[in-house]
Amino acid sequence: VKRTENGATTPTKAQGACVAIDCEMVGVGRAKARSILARVAVVDEKGATLLDEFVRPTERITDFRTKWSGIRPKDLVGAPAFSEVRARVAALVRGKILIGHAV
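Report follows, based on the coordinates. (Residues numbered from 1 in each chain as written. Predicted model: local features only at pLDDT ≥ 70, side-chain atom pairs only at ≥ 80, totals over all residues. Heavy atoms only, no water.)

**With respect to the pattern of salt bridges**
For side chains of opposite charge, pairing can occur when their charged atoms come near one another. Evaluation of the coordinates by the stated rule reveals 5 salt bridges. Where Arg39 meets Asp52, a salt bridge forms, and the shortest distance between an N and an O atom there is 2.8 Å. Separated by 13 residues along the polypeptide, Arg39 in strand β4 (residues 34–44) and Asp52 in strand β5 (residues 49–54) bring together distant segments of the chain. With relative accessibility at 18%, the residue Asp52 sits in the buried group. Measuring nitrogen to oxygen at the nearest pair gives 2.5 Å for the salt bridge that ties Glu84 to Arg88. (Salt bridge = Lys/Arg side-chain N within 4 Å of Asp/Glu carboxyl O. Helix = DSSP H or I, 4+ residues; strand = E, 2+ residues; numbered from the N terminus. Buried < 20%, exposed > 50% of the residue type's maximum accessible area, 1.4 Å probe, protein only.)

**Quick word on unusual backbone geometry**
For Lys32, which is not glycine, the phi dihedral falls at a positive 60 degrees. Residue position: Lys32 is located in the loop between β3 (18–28) and β4. Classification of Lys32 as partly exposed rests on a relative accessible area of 40%. With phi around 50 degrees, Arg65 is a residue other than glycine that occupies positive phi space. Mapped onto the secondary structure, Arg65 falls in the loop between β6 (61–63) and α1 (66–69). Since its relative accessible area comes to 18%, Arg65 is described here as buried.

**Observations concerning the environment of Glu24**
In this fold, Glu24 is placed in strand β3. Ignoring sequence-local partners within four residues, the contact set of Glu24 consists of Ile36, Leu37, Ala38, Arg39, Trp68, Ser69 and Ile71. (Contact = heavy atoms within 4.5 Å.)

**Comments concerning the nonpolar core**
Ranked by size, the top nonpolar core spans 12 residues in total: Val19, Ile21, Leu37, Val40, Val42, Leu50, Leu51, Val55, Val85, Val89, Leu92 and Val93. Among the elements of the structure, β3, β4, β5 and α2 (82–93) are those that each provide at least two residues to this core. At 4 residues, α2 tops the list of elements feeding residues into this core. Core analysis: the second largest hydrophobic core is formed by 7 residues, Val26, Val28, Ile36 and Leu76 among them. (Core = buried A, V, L, I, M, F, W, Y, C linked by side-chain atoms within 4.5 Å.)

**Digging into the side chain of Glu53**
In this structure, Glu53 sits in strand β5. Judged by its relative accessible area of 3%, Glu53 is buried. A distance of 2.5 Å separates the side chain of Glu53 from the side chain of Arg88, its partner in a polar contact. (Polar contact = N/O pair within 3.5 Å; in protein donor to acceptor, adjacent residues only side chain to side chain.)

In structure tokens:
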């Protein structure tokens with residue numbers, strides 16, 4: 001994975017037929033029960049990191065769930081927009097077998 005000056009990652013082309021994705025979510029809303037994406041990682045079938053990116057929240061975060069997510073407020077400062085990260089992920093998973101857990 002290559003990082004730009006602002007810490008964003010530049011996607012690397014996936015090798016092989018499979019990619020795996022992991023998402024870290026934070027809580028939003030009064031009850032903190034709704035979840036939004038705060039970080040996404042994609043690896044190829046050899047375990048090479050293709051993308052590891054924090055995501056700018058689309059709503060006010062009411063629970064960072066740091067104990068489970070590892071996300072802290074400072075991690076999201078300057079993070080790219082959801083739409084930008086979604087496009088990067090889509091390009092990496094297009095035509096691949098996608099492996100994920102609870103996504």
